[in-house]
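# A closer look at the structure
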Amino acid sequence: MKEEVYCYTCGNPRGDLTEWRCKSCGGAYTLEHDNLFSQSKIINSRFNMWRYADALSPSIRENPVTLGEGCTPLINPITPNIHFKLEYVMPTASFKDRGSSAVVSYVRSLMKRKKIRGVVEDSSGNAGASITAYSSFLGIECRVYVPKGSVGHKVKQIEQLGGRVEEVDGSREDAAKKAQEAKDPYLYIGHAWSPYFIEGIKTLAYEVVEQLKWSIPEVIYLPAASGTLLLGVIYGYKTLLNSGVIEKCPKIVAVQQQEVSTIHDTFYGLPSHRSTYSGIADALNVKNPPRLNEIITELRKVGGEVKTVRRSEIIRAARELGLMGMHVEYSAAVAYAAFRKKLEDFIYSDTEAVIILTGSGLKSI
Ligand SMILES: [Zn+2]
């Protein structure tokens, strides 16, 4: 079975199994393998994302590190054609668990060849907590670098799960740089950089297709920040298309908040809008996503769109979701905030839509 890891920007192949970025141009790595998706190869005894192990990369699928992630509900509180995918119903209450399960499974496969005492990440948010949970389950350390003064439930969640929070005097970027200095026997596995993280997210596309009885929705709304969710979903549908399971990809609508809209502005060729402000959707305050070029290219290839929403629209969307029984954080509510502007078009038609709800509201009480 073929598995290739190479730089998305310059095509340079990865030199070493532990390299996290391209040595030639500094770009992010992407992963390609020839495992296609087959309905007959779904492992029905597994009620987690590893039921699709046959379609995942050879280096992660043999010994999955799983906390039962995936198999999240798809519900229809408004009309039967409007589906909400509850990705916050996960072991650490965010969609990141799909990616963490995959990337920590990769670490486990590396441990057969080299000594790894722990992993290093740079997120004070959902990814930090998620990577920590899977590292603790595997029995290795997890160090999470955060800017000094980071507080809140997400940092507490990292600590409660056994992660070591390392405060860095400086910005979010300074924390990332410090994390990236990790040396043996510690391994940097930044979620925005790891192609295995995105490999895990592909299972979200597989799951939605299975839940919709092998049909595809017309459109999928999802929040976008570092783009791992966006790329994972696009790559998942591409695999389904290449496997002959579906005949076309759904339209992907990526949603950002107005204050931090790098993907939106780049996609539409608008003047760089890298505001010094942060938005209310804290998980989406990513001003310089490492995979920006890949995000724009892949989104254009599938005919996607990017929307932005205002703070007041996010607050209203979160409240409306709550009144329908879905308690999500603001970063998840942005997808519905954009969708609800088109709500009537869907209520009075049979057109199917999926809105992905990424993080639990319990994280920000
Ligand atoms: Zn490169």
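A few points on the structure. (Residues numbered from 1 in each chain as written. Predicted model: local features only at pLDDT ≥ 70, side-chain atom pairs only at ≥ 80, totals over all residues. Heavy atoms only, no water.)

This part is about helix α9 (residues 292–301). Every buried residue belonging to α9 is among Leu-292, Glu-294, Ile-295, Ile-296, Glu-298 and Leu-299, and all of these are buried. Check the buried side of α9 and you find it contacts β2 (29–33), α7 (228–242), β10 (251–257), α8 (262–267) and β11 (305–309). Of the residues one or two after α9, Gly-303 is the one with positive phi, at around 70°. (Buried < 20%, exposed > 50% of the residue type's maximum accessible area, 1.4 Å probe, protein only. Helix = DSSP H or I, 4+ residues; strand = E, 2+ residues; numbered from the N terminus. Contact = heavy atoms within 4.5 Å.)

This part covers the coordination of the zinc ion. Surrounding the zinc ion are the protein donor atoms Cys-7 (SG), Cys-10 (SG), Cys-22 (SG) and Cys-25 (SG), which sit 2.3 to 2.4 Å from the metal. Of the residues examined, Cys-7 reaches a relative accessible area of 0% and is grouped as buried. Residue classification places Cys-25 among the partly exposed residues on the basis of a relative accessible area of 40%. (Donors = N, O, S within 2.8 Å, 3.2 Å for Na, K, Ca; no water.)

Another aspect to go through is the sheet that holds strand β3 (residues 74–75). Strand order across the open sheet formed by six strands is β3-β4-β12-β9-β10-β11, with mixed pairing between neighbours. Across the chains shown, the open sheet's two edge strands, defined by having one partner strand only, are β3 and β11. Bridging between β3 and strand β4 (residues 82–86) involves two bridges; their strand directions are antiparallel. When the sheet's bridge partners are listed, Leu-74 is paired in β4 with Lys-85. (Pairing = 2+ DSSP bridges.)

What follows covers helix α10 (residues 311–323). Spanning 13 residues, α10 covers 19 Å between terminal C-alpha atoms, matching the ideal 18 Å at 1.5 Å per step. Those residues of α10 that sit buried are Glu-313, Ile-314, Ala-317, Ala-318 and Leu-321. Each buried residue of α10 sits inside an arc of 135° when the element is viewed along its axis, so together they form one side. Within α10, the exposed residues directed more than 90 degrees away from the buried face are Arg-316, Arg-319 and Leu-323. (Expected span 1.5 Å × (residues − 1). Arc of directions from axis to C-beta.)

The next subject is the pattern of salt bridges. Counted by the stated rule, this structure contains 25 salt bridges. Between Lys-85 and Glu-207 there is a salt bridge whose closest N-O contact spans 2.6 Å. With Lys-85 in strand β4 and Glu-207 in helix α6 (residues 195–211), the pair connects residues that are 122 residues apart, well separated along the chain. Looking at Lys-85, the relative accessible area reads 0%, which means it is buried. A salt bridge links Glu-320 to Arg-340, with the shortest nitrogen-to-oxygen separation between them at 2.6 Å. Remark: Arg-340 occurs in the loop between α11 (330–339) and α12 (343–347) and Glu-320 occurs in helix α10; sequence separation between them is 20 residues. Since its relative accessible area comes to 22%, Glu-320 is described here as partly exposed. Connected through salt bridges with shared partners, the residues Lys-85, Glu-87, Arg-98 and Glu-207 form a single ionic network. (Salt bridge = Lys/Arg side-chain N within 4 Å of Asp/Glu carboxyl O.)

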